[in-house]
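# Descriptive structure summary
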Amino acid sequence: MTTKEQALPSIPLMSTPEIAAIRESVRAIAGRHGWSYYQETGRKYEAPTKVLSALASGGFLGVHLPAEYGGGGLGLSELAVVAEEAAAAGCPLNTMIVQAIAGSVLARHGTAEQRAQWLPGLASGEVTFAFAITEPDAGSNAHNITTVARREGDRYVMRGQKTFCSGADRADAILLVARTGTHDRSGNGLLSLFIVDPKAPGLTMQHIPTAPMLSTKSFQLFLDDVEVATDQLVGTRDEGWRPLFDGLNPERIMASATSNGIARFALDAAARYARERSVWSTPIGAHQGIAHPLAEAKVELELARLMTAKAAACFDAGVDAGEAANMAKMASADAAVRCVDQSIQTHGGTGFALATGLTDAYWVARVAQTVPVSREMVLNFVAQHSLGLPRSY
Ligand SMILES: Cc1cc2nc3c(=O)[nH]c(=O)nc-3n(C[C@H](O)[C@H](O)[C@H](O)COP(=O)(O)OP(=O)(O)OC[C@H]3O[C@@H](n4cnc5c(N)ncnc54)[C@H](O)[C@@H]3O)c2cc1C
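Given the structure is predicted, the values throughout are model-derived calculations rather than measurements.

## Re the nonpolar core
A general trend in soluble globular proteins is that nonpolar side chains are found buried together. In terms of nonpolar packing, the biggest core is built from 67 residues, with Leu55, Val82, Leu93, Met96, Ile253 and Met254 touching the most fellow members. Elements with a minimum of two residues in this core: α2 (17–42), α3 (49–57), α4 (76–88), α5 (95–109), α7 (241–276), α8 (288–317), α9 (322–346) and α10 (358–366). Counting contributing residues, this core receives three or more from each of domain 1 (3–128) and domain 3 (242–386). Those residues in contact with valine 82, other than ones at most four positions away along the chain, are Ile22, Val26, Leu55, Phe60, Val63 and Met96. Counting 27 residues, the second largest nonpolar core, distinct from the first, contains Trp118, Leu122, Val127 and Ile133.

## Regarding the pattern of salt bridges
Tallying each qualifying case throughout the model produces 21 salt bridges. Among the ionic pairs, glutamate 85 bridges to arginine 264, the shortest N-O distance being 2.9 Å. Note that glutamate 85 is positioned in helix α4 and arginine 264 in helix α7, a separation of 179 residues in sequence. Accessibility assignment for this pair places glutamate 85 and arginine 264 in one class, buried.

## Observations concerning the domain arrangement of the protein
According to the domain assignment, the protein contains domain 1 (3–128), domain 2 (130–237) and domain 3 (242–386). Placing the centre of domain 2 and that of domain 3 at their C-alpha centroids yields a distance of 30 Å. Each partner contributes residues to the interface: domain 2 has 10 residues there, and domain 3 has 9 residues. Summed over both partners, the interface of domain 2 with domain 3 buries about 770 Å², with 84% contributed by carbon and sulfur atoms. Summed over the shared surface of domain 2 and domain 3, the result is 0 salt bridges. At the junction of domain 2 and domain 3, the tally comes to 0 residue pairs in polar contact (both at pLDDT 80 or more). The residue makeup of the side of domain 2 that touches domain 3, split by class, is 9 nonpolar, 1 polar and no charged.

## A word on the packing of α7 against α9
Relative orientation of the contacting elements α7 and α9 amounts to 25 degrees, with a least axis distance of 8 Å. If you check the angle between α7 and α9, you find them roughly parallel. Considering only the axes of α7 and α9, their crossing is left-handed. The residue makeup of the contact of α7 with α9, split by class, is 17 nonpolar, 9 polar and 2 charged.

## Comments concerning the site of the ligand
Not every one of the 19 residues close to the ligand is listed here, only the nearest: Thr134, Ser140, Phe164, Ser374 and Glu376. Contacts to the ligand include threonine 134, whose side-chain N or O atom sits 2.7 Å from a nitrogen atom. Residue serine 374 places a side-chain N or O atom 2.6 Å away from an oxygen atom belonging to the ligand. When the free accessible area of the ligand is taken as 960 Å², the share hidden by the protein chains comes to 67%. Only β1 (129–132), β3 (155–166) and α11 (375–386) provide two or more residues apiece to the shell around the ligand. Along the lines of polarity and charge, the residues of the shell around the ligand split into 10 nonpolar, 8 polar and 1 charged. Among the domains, domain 2 (130–237) and domain 3 (242–386) are the pair contributing at least three residues each to the shell around the ligand.

Quick notes on the rules
- Residues numbered from 1 in each chain as written.
- Predicted model: local features only at pLDDT ≥ 70, side-chain atom pairs only at ≥ 80, totals over all residues.
- Heavy atoms only, no water.
- Core = buried A, V, L, I, M, F, W, Y, C linked by side-chain atoms within 4.5 Å.
- Buried < 20%, exposed > 50% of the residue type's maximum accessible area, 1.4 Å probe, protein only.
- Helix = DSSP H or I, 4+ residues; strand = E, 2+ residues; numbered from the N terminus.
- Domains from an automatic or database assignment.
- Contact = heavy atoms within 4.5 Å.
- Salt bridge = Lys/Arg side-chain N within 4 Å of Asp/Glu carboxyl O.
- Buried area = accessible area lost by both parts, 1.4 Å probe.
- Polar contact = N/O pair within 3.5 Å; in protein donor to acceptor, adjacent residues only side chain to side chain.
- Nonpolar A, V, L, I, M, F, W, Y, C, P; charged D, E, K, R; others polar.
- Axes fitted to C-alpha atoms, helices over the stretch in contact; angles between N-to-C directions.
- Parallel < 35°, antiparallel > 145°, perpendicular 65-115°, else oblique.
- Left-handed = near helix turned anticlockwise from the far one by under 90°.
- Near = heavy atom within 4 Å.
- Areas by Shrake-Rupley, 256 points an atom, 1.4 Å probe, with all protein chains shown as cover.

In structure tokens, the structure reads:
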């Protein structure tokens with residue numbers, strides 16, 4: 001056994017009473033509104049605020065944040081359970097993914113003032129963050145970003161563009177990654193993280209229309225000499241990768257948990273329909289052509305859930321969660337797409353009736369194969385870090 005393996009935390013294979021109680025409460029809250037409410041808000045690119053508010057009142061959105069800031073004092077494992085259970089009850093909460101980045105980064109790397117300013121609002125659900133790393137010309141290669149933050153006296157001045165910044169229109173703050181220098185040998189950007197006011201002079205945004213049902217609008221951001229006070233830097237200047245990884249792993253884990261919930265939602269619907277629908281002498285679920293693909297999807301889903309739990313446990317224990325978080329992210333997104341697709345197939349023509357919600361669920365599931373990190377970039381990570389293979393790029 002290697003030192004790295006010895007450091008791994010143990011994960012309970014069965015729900016603890018605490019986790020079981022969280023599941024039950026979240027399911028009851030989200031189930032009260034369910035998928036038809038999500039469809040209604042998703043068509044307008046709005047977040048399902050009734051569900052988010054009810055979860056916030058119950059303390060579920062800040063369950064992972066420190067108790068001294070109004071959080072529940074538990075971990076990302078519990079927050080991931082909230083996300084999965086809400087999605088399984090028909091309310092995928094994509095906004096929780098970005099909130100988890102901001103909460104995790106600020107709790108671990110924020111100054112005392114930043115923590116006091118933002119964590120109570122994140123815990124109570126009253127504060128919303130957006131996250132801006134992707135750029136039009138850098139894409140998956142964050143080393144190549146060109147949005148620059150230049151130090152001028154007691155402030156930084158930012159110029160550049162960000163793309164696909166979700167929820168920027170209603171965010172109280174944007175956690176933004178900018179280049180504050182360039183590495184001498186590699187030419188890669190030295191990155192830093194900043195808290196930026198979405199209403200700051202010089203910052204404009206343009207809506208990018210996307211597939212429906214993703215519950216937030218995405219925006220291109222234009223930064224034209226945007227001034228940011230030096231105390232809005234998070235972590236150490238030029239060393240933004242450290243806090244970033246403490247945000248990107250929660251992002252992947254929360255995306256995985258949401259995908260797992262969507263997969264459960266679609267698979268439950270498929271199994272229910274396959275038990276009830278008869279067109280010959282037996283329910284369609286008795287035909288192996290219907291039963292086996294659903295059983296295979298169930299196997300894929302349960303493996304993805306296990307890897308998600310491992311990734312969250314690693315993060316909570318302070319152990320490197322990168323490998324597990326990437327693997328979970330890919331496995332869960334694939335499982336969700338497979339479950340939704342197979343659920344549509346199981347429903348026959350009814351799978352395309354808007355009332356079943358499955359065609360709408362498809363986009364929610366499918367986007368996770370590209371966002372926040374694409375399937376290909378996960379495979380690159382595993383090839384290089386887990387298998388020691390050389391990189392081609
Ligand atoms: C709905 C939505 C919401 C989003 N929200 C946010 C947000 O809030 N904040 C934010 O910062 N970003 C956000 N994004 C951006 C998202 O994270 C990126 O789209 C994603 O990371 C892929 O980057 P890209 O689109 O630039 O693709 P590119 O980097 O241009 O890649 C295009 C294709 O090439 C593949 N590819 C690229 N490089 C390699 C390689 N070396 N090896 C193999 N394949 C490769 C990619 O996997 C992909 O399939 C959002 C995107 C969408 C669609």
